[in-house]
Amino acid sequence: MIIAIIALSVLAVAFGLTLGYAAIRFKVEGDPLVDRIDALLPQTQCGQCGFPGCRPYAEAIAGGNADINQCPPGGEATIMALADLLDRDPKPLNPENGQEKSKTVAIIDEMRCIGCTLCIQACPVDAIVGAAKHMHTVIAEECTGCNLCVPPCPVDCIDMAPVKQNILAWKWPYPEQKAAGRTT
Amino acid sequence: MIGAIRRQLWTFHGGVHPVQHKHVSTQSPIRRPRLPQRIVLPLHQHIGEPAEVVVKVGDHVLKGQMIAHATGYVSAPVHASTSGKVVDIGEAPIPHPSGLSASCIVIEPDGEDRWIEHSPVENYREIAPSALRNIIREAGIVGLGGAGFPSYIKLNPGHHKMVKTLVLNGVECEPFITCDDMLMRERADMIRGGIEIIRHALQAEECLIAIEDNKTAAFESMRKAVAGMDKVEVVQVPTLYPQGSEKQLVRVLTGKEVPRDGLCLNVGVVCVNVGTAAAVHRAIHLGEPLISRIVTITGGAVGQPCNLEVLIGTPMNELLSQCDGDISRIERMIMGGPMMGFALHRSDLPVIKTTNCVLAATVTDLPPARPVMPCIRCGACADACPVNLLPQQLYWHSKTKDLDKVQEYDLFDCIECGACSYVCPSNIPLVQYFRYAKGDIWTREREKEKSELARKRHESRQKRLEREKAEREAKRQQKKSALDATGMAEKGQEEAAAALQRAETRRDAALREAEKRRGEGWQEGTKDDASRTRESERDSN
Amino acid sequence: MAQNNFATIARDGLWNNNPALVQILGLCPLLAVTNTTINGIGLGVATMMTLVVSNGIISLIRNWVTPEIRLPVFVLVIACIVTVIELAMNAYFHELYNLLGIFIALIVTNCNIIARAESFASRNPLLPALFDGLMMGTGFLLVLVALGAMREMIGSGTLFANAHLMFGESARALTIRLGDYHGMLLAILPPGAFIGLGLLIALKNAIDRRRAERKAVPAVAVAAPEPHTA
Amino acid sequence: MLLRHMAVTAVLLGAFAVFGTALVALTENDTRDLIAQNEREALRRKLNEVIPKNEYDNSITTDTVQVVSKPLLGSAKPITVYRARKQGEPVAAVITTVAPDGYTGAITLLVAVRYQDEAIMGVRVIHHRETPGLGDWIDSERSDWIGHFTGHSLSDPNELGWRVTKDGGIFDQFTGATITPRAVVKAVHNSLKYFSAHKDELFQSGVAAKDAAGVDHGTE
Amino acid sequence: MTEYVLILISTILVNNFVLTKFLGLCPFMGVSRKLETAIGMGLATTFVLTLSSVCSYLADTYLLAPLGLEYLRTITFILVIAAVVQFTEMVIHKTSPVLYQVLGIFLPLITTNCAVLGVALLNVKQEYGFMESAVYGFGASVGFTLVLVLFAAMRERITASDVPLSFRGPPIALITAGLMALAFMGFTGLIRE
Amino acid sequence: MPLTTSTSPHAKGHASVTAVMLQVLLALIPGVAAYVWFFGWGVVINITIAATAAVAAESAMLIIRKRPVRQYLGDCSALVTAVLLGMALPPLSPWWLTVIGVIFAIVVAKQLYGGLGFNPFNPAMVGYVVLLVSFPVEMTSWLPISTFSSYDMSFLETAAFIFGGQLPPGITYDALTEATPLDTLKNNLGQGNTVAEIRAQLGLDDVTSLLLSVIPIFGTIGGKGWEWVNAGFLLGGLWLIYRKIIGWQIPVAMLGAMALISGAFALYDPGHHASPLFHLFSGSVMLGAFFIATDPVTAAASPTGRLVYGAGIGIFVYVIRVWGGYPDSIAFSVLLMNMVVPIIDNHFKPRVFGHGRK
Ligand SMILES: Cc1cc2nc3c(=O)[nH]c(=O)nc-3n(C[C@H](O)[C@H](O)[C@H](O)COP(=O)(O)O)c2cc1C
Ligand SMILES: Cc1cc2nc3c(=O)[nH]c(=O)nc-3n(C[C@H](O)[C@H](O)[C@H](O)COP(=O)(O)O)c2cc1C
Ligand SMILES: Cc1cc2nc3c(=O)[nH]c(=O)nc-3n(C[C@H](O)[C@H](O)[C@H](O)COP(=O)(O)O)c2cc1C
Ligand SMILES: Cc1cc2nc3c(=O)[nH]c(=O)nc-3n(C[C@H](O)[C@H](O)[C@H](O)CO)c2cc1C
Ligand code: SF4
Ligand code: SF4
Ligand code: SF4
Ligand code: SF4
Ligand code: FES
């Protein structure tokens, strides 16, 4: 019995020494996974995922504290990309976080805008320009459609309009399957 | 063929033999239709940047007057196709698979059809190729074979590339379409004129005119027209769809394969459509810009199928009614042929530069799609594909939106010829899946760029806020130390605490607000159709 | 992540997050020994005991282990527990022990145990940890029994064969023969194990879906797990 | 820093190892005899299936001899022979013979042969991999086919009789499976031959001998 | 030499670890959604399994057997395996950052792969010598990798299939594994031990 | 006035799944006829039972899965599965054997994966192998060919046996059944006999010895009528290739691989290895090569991939026949290669137009 204890503890101690050594010697800095996850998120910064922005959500996923189906702006495509990266089964968007909607862009009704700058403070990507007391405008190309500027506006002059369809940006739709031949 | 040495021809993989239906529209000669009530000229009838309007509403324009000029290298101007008044500049429905509208210039013809002054080139051999190209550019000539690529670019071989062969594409492999056939029968001399000019511009050694062996009249007519020209040969190629596609045609004629992502130019060939050559002839020798083209009006719903020389901008329904067309019998109306053309959403759309055919098909011409069955991987599609792709695999991966995998299977080499869908026993709309996947890849790339931009802006904003905060903090510290110095620290601390308190309440409120929005705001949005269909599918599973 | 609600723990272990049916862990013993029900029970009980004890110990020591030796320590602890159980089984249920073969020793690498240690025991106090071990173990045991019964009945036309190995000679009478049926061998062969478990999981999914649908009837039909292949 | 860290981890792990091992070692201490006894019991139960308990009075599980005879016992590895004695007199030998040519591999058998008349007291299959449902009828749990050997000897039946019915012998084959029974019959027959040739050597406890056929006797 | 070939054929095809011996199933099910990851896992497992098969043989013959501590096998083997895994991780990290990128995340998972401990225990049970243990370990892991990779490729195809909802994911994967096991039964009898 | 729209191509060829499947069934006729000639009515009864069970199972699954029954049943793929499975079973299989096999094939191997087009494994072969491992006794008892048998069973007697297990009076099951030539070869080789001795033991039947004088290669190569059955399937298969229903790659690669390996071994040691002709014309090789391995759904997609796939099957068939535990192994070999198909598909793509030649 003594032999047993000695034999095994020797083994364990040797092992512990190596591990202690390895832990210090091969410390991995940062988590490259977060960057890779973040790169897949739409960067709308809307907070619908329940985190204050895309990067925090990415960190939460990497840390195992959030599921991959919480980003409505990214929708199915983002979920699939995340599932692929993390080797998990894709799942439908969590309805608690919202629904996947077509892309929108904020439009400020310039007649009503009082120039209070509240929307500028709310916009996470600085897509609104204008000085205090002067009317503001949304730079459409830079607006991510996150909706965050809408609630703060005291005169309700901001509308979210669907991104306009045009021929250059048009793409062929996913083929709908005739009811009978549906292969899903 | 008599006396002609049979030229060695090569083959390409695959191809199909759809029923031709060509004879119906070759019974009568090319006619000119009546002047229409309205001419609608889209600014974007070609590949590249849309043209830019140079007239105003209310202006009176002459036939052949440039009303929109080219912007950028790949672009083409638009000319008034008759004289009249500009009555509108704005969105109007155009022939496009999306059924969407786009910017157009609308002209009300004055009935005089008065030309702007012609300025033909006296002797094209004496002017530099670049000047020649500029004339062609200003004449608004784009490829009439279907793609609408500005032709002057093609006529510029660049500094180092040698063009050995000019290929004239008179293959016209699509069923129903006969505009090139009729053009070759009736206006071979114009094509000959075009060939001379283009050859001169390119300094091409030889010229091959390819015609499928189901168009013997055109073959004979072209042979007569080019007789006596040095190193010009009319080549009869076996009928096989999609031989008209330039890469496949170059392979058949020269045995060379245009490399992927490459142009015919890479193998020393330039390929132009016979109609384009005729248009070049007109531009140089007659000084006429591209304002009309030959359009095949055919299909079961047309009483007298024929070819018309149509002014660009003429509404198609007017053409149909002049050929005894019965719009009520139309099952599908297609611009182009049944293999590559697209279905139109309405019948009053204008003819544009790339409209080679208006097919008013009845149910018997084009029976409605049969129900789609699952792919049985039979490989018929792969056998038919002229590019030697594996459509069944492309389909499998586009269906699951696996965009990396489709690219591994060379999605972007697909020329969307439809041969695969044509032979598929399961009636799968393969080409549509491929188009969808291509579009999706492009969109995702665009979105990726956009989100990258958003991230950068967000980060810089975050940094700015931090910096501002730090600055404020520094200021506060300064103030505080100043206060300390004057023995008023207590008040300062109180103030700071109060500020902190305020900040906290603000933050809490913001959080609550966010919470609330997450609770309600996001769900009220109406469900779009896509998600609804998905749900109903789910239900039935 | 700490949920100290015992009802939740129970529901998780037995159904919602069942180790075998949902987490798909611990498959090796699950498939290897379930050609008879009794084997399944034997291994299930052994696994459950290991789970409870290991969860307990790991919960107790959770604040002492540094991250880099967390895994080795857990493994060591589990290995010791398993060896003790193995010796005990060898001593008291010798024939069953022989039947189960190396799969008793392999409880050490049963992914369930290390998974519970990692995700629950090392983050929760003793009592919930013990209970979690019990529930997860029971959940696993139930699946072992279900799969064992299914395979045994279809495959050899008996139920509780070899009961005496576990419950003593008097239990021989427990064995049930299904009449003249001699069994479809597939079920007790390796392919039958995989397919059987697949069917069990599908059954659970079907039940869950049916329930979700019932719940969701008044509202808009809520997303049942829709795969990405719409 | 590094050293300290190493020491901490080592000590921690070592401590767990000590505790764990102590626990295991204690258990082992307690169960060791029981397990050994279990193993003996199990073996004895197996042996008792081929040779009734009351036929012998020696410690059959330990009174063994290792022999090698590839041609007759089917394996190049040493094979254990258990010797049953009553009041010191040889009663029977239980040979763990191998039938190498089963349908899907070797079949391991226990063959008990009576010393006195060289007749079979019992045969059991202890390990086989034959096709379930086809070849596994040799297992006593599946059928009592294996019991038919009891009482037969080299002379009963004669050489030609030691075959399956299909080959003209007296032992039945199973529907659709001839190879398995053929292999078993052959192996049992060979064991008898071996026993008859070496029976006295087998019972000379502790004597190691070598005969011309390359048979290697030796006590364990 | 033949006996090594036989061991190889036996472990890879006839007695495949995953499909007939039921070892290493969790990674088989868990890391087979994507072909690339499956290949990574396979390579990592092959290396670790072979090495730990040898190491545990050494530990058994030169440590446990002389001291009469056979009952400590399980504990010793698992410690050895953990050490080997850690060691592998270190070596790869040091020598090839690229390989580490690929295999790194799989290594810790291997510690709890039954196949690794299973090989060590089966070596003892079958009384294999040094070379035999090595070949057995190698064969077992090649067999594991082979079916893992085939399985992953099949699963990629199945995700695109119109599988009934209740069967999506693990159930159909298990059924597929079952049919693979069925196909592997064709190798029965190829090796007669 | 909006018009109907569709996406190009708007024109469509005439091919349909149903037509493909019906032609496969048509091509089976010569083989089936030879089969019935030599093995009696059991074959027909088996196929009928299988077809009925397949239609029932497929309809049931389609209803449960809420799919349009008419449309999917109309593709006739279930019939092909049923006929192939029915033919692969011993002609005297009890009815329940056929039914279980078909249910497994249609329900588990096909519909659980989503039905036509989605199954990675050949359904008929899954059904066959499931039966083989589950009911080995029933699955290994074959009738000798009728002209060689001690008793010629009539249609009614056959039906009575299949449905009720009743043998004609005075006949025992063992007397009716015997091992197939492949089985005999394998067992006898195992006992140390040489090929020549075994062949002598197999003997010739009247029909074949008659024909032997006309066409010298027939009669002794595959043993007792089997080569006629194989020749029938070969004929039907060639017609399918001609009709472009199947490509030539799989059959050629499979038969080629088998011929090459068996030829090499037969040359090396003719005493213990049967000739290539024996291998090609015995068992279900031709059925396998032209009808089973070519199942488009479960085979490799690209032409080169198909060559690899076919060759793989041929190699496995030979290896398992000669060294494995099963006398014939088309089913196992097909399933084994089915597993490899996704990998083959990933690796063997045709050279795309304009891409550099490899
Ligand atoms: C983006 C783009 C760039 C092209 N650049 C050239 C060019 O530089 N020179 C040229 O001769 N043709 C050029 N082409 C024309 C193509 O070779 C081809 O003739 C044209 O796309 C129409 O061909 P299709 O109808 O077969 O698609 C270009 C085409 C595209 C789409
Ligand atoms: C599938 C396919 C079929 C085509 N068929 C023809 C055709 O029949 N005739 C033709 O002139 N161009 C056809 N084209 C377009 C040619 O590829 C090429 O763009 C054209 O001949 C170039 O001449 P252009 O620029 O003068 O139009 C086809 C293209 C594709 C992709
Ligand atoms: C799947 C399969 C498994 C078999 N398993 C066995 C077996 O375990 N034992 C056996 O003797 N024969 C087995 N056989 C061989 C045959 O049934 C063989 O025909 C028989 O042993 C000898 O035939 P006979 O009885 O007609 O002489 C098997 C055959 C097959 C196809
Ligand atoms: C040439 C050809 C061969 C076929 N071979 C088989 C076969 O071997 N087994 C089978 O179940 N179905 C076969 N089918 C039918 C069908 O493809 C098969 O059931 C699908 O696997 C079902 O998805 C075949 C069909 C064709 C066209
Ligand atoms: S929901 Fe999506 S887009 Fe919005 S913040 Fe979260 S991750 Fe970013
Ligand atoms: S403008 Fe409004 S909607 Fe657009 S990004 Fe800024 S806050 Fe979001
Ligand atoms: S032709 Fe249609 S059914 Fe055949 S493989 Fe191609 S896509 Fe599939
Ligand atoms: S559409 Fe694309 S995939 Fe289909 S045949 Fe044409 S080139 Fe090939
Ligand atoms: S139980 Fe064996 S690997 Fe998980």
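Visitor: Quick rundown of the nonpolar core? Include the residues and the values.
Guide: Residues Met87 and Tyr309 of chain F are the most contacted members of the largest nonpolar core, which totals 256 residues. Among the elements that make up this core, the one with the highest residue count is helix H4 (residues 70-92) of chain C (14 residues). Among residues more than four places away in sequence, those in contact with Tyr309 of chain F are Ile250, Ala293, Thr298, Ala299, Ala300, Val334, Met337, Asn338, Val341 and Ile344 of chain F. Ile284, Leu290, Leu359 and Leu366 of chain B belong to the second-largest nonpolar core, a separate cluster that totals 85 residues.

Visitor: Can you break down the confidence of the model for chain A residue by residue, with the values?
Guide: Considering every residue of chain A, the mean pLDDT works out to 81; 88% of them sit at 70 or more. Scored below 50 in pLDDT, residues 178-184 of chain A shows 28 contacts in the model against residues more than four places distant or in partner chains.

Visitor: Just give me the short version of the side chain of Arg306 of chain F, but keep the residues and values in it.
Guide: Locating Arg306 of chain F in the fold gives a position in helix H17 (residues 303-323). In contact with Arg306 of chain F, not counting residues within four places along its chain, are Arg377, Cys378 and Gly379 of chain B together with Gln249, Ile250, Ala253, Ala300 and Ala301 of chain F.

Visitor: Tell me about the interface of chain B and chain F, residues and numbers included.
Guide: At the junction of the two partners, chain B supplies 62 residues and chain F supplies 45 residues. A combined buried area of about 4,500 Å² lies between chain B and chain F, and 56% of that area is made up of carbon and sulfur atoms. There are two salt bridges connecting chain B and chain F. A salt bridge links Arg351 of chain F to Glu257 of chain B; the shortest N-O distance between them is 2.8 Å. Linking chain B with chain F are 27 residue pairs in polar contact (both at pLDDT 80 or more), by the criterion used here. When contributions to the side of chain B that touches chain F are tallied by element, the ones reaching two or more residues are helix H6 (246-254), strand E14 (332-335), strand E15 (342-343), helix H10 (391-399), helix H11 (403-408), helix H12 (419-423) and helix H13 (430-485) of chain B.

Visitor: Now, about the pattern of salt bridges: what can you tell me, with residues and values included?
Guide: Tallying each qualifying case throughout the model produces 57 salt bridges over all chains. Put simply, Arg461 of chain B and Asp126 of chain A hold a salt bridge, and the shortest N to O gap is 3.5 Å. In this pair, Arg461 of chain B sits in helix H13 while Asp126 of chain A sits in the loop between helix H5 (118-122) and strand E2 (128-129), so the two residues belong to two different chains. Of the residues examined, Arg461 of chain B reaches a relative accessible area of 8% and is grouped as buried. Here Arg114 of chain B makes a salt bridge to Glu112 of chain B, at a shortest N to O gap of 3.3 Å.

Rules used throughout
Residues numbered from 1 in each chain as written. Chains lettered and ligands numbered in written order. Predicted model: local features only at pLDDT ≥ 70, side-chain atom pairs only at ≥ 80, totals over all residues. Heavy atoms only, no water. Core = buried A, V, L, I, M, F, W, Y, C linked by side-chain atoms within 4.5 Å. Buried < 20%, exposed > 50% of the residue type's maximum accessible area, 1.4 Å probe, protein only. Helix = DSSP H or I, 4+ residues; strand = E, 2+ residues; numbered from the N terminus. Contact = heavy atoms within 4.5 Å. pLDDT = per-residue confidence, 0-100. Buried area = accessible area lost by both parts, 1.4 Å probe. Salt bridge = Lys/Arg side-chain N within 4 Å of Asp/Glu carboxyl O. Polar contact = N/O pair within 3.5 Å; in protein donor to acceptor, adjacent residues only side chain to side chain.

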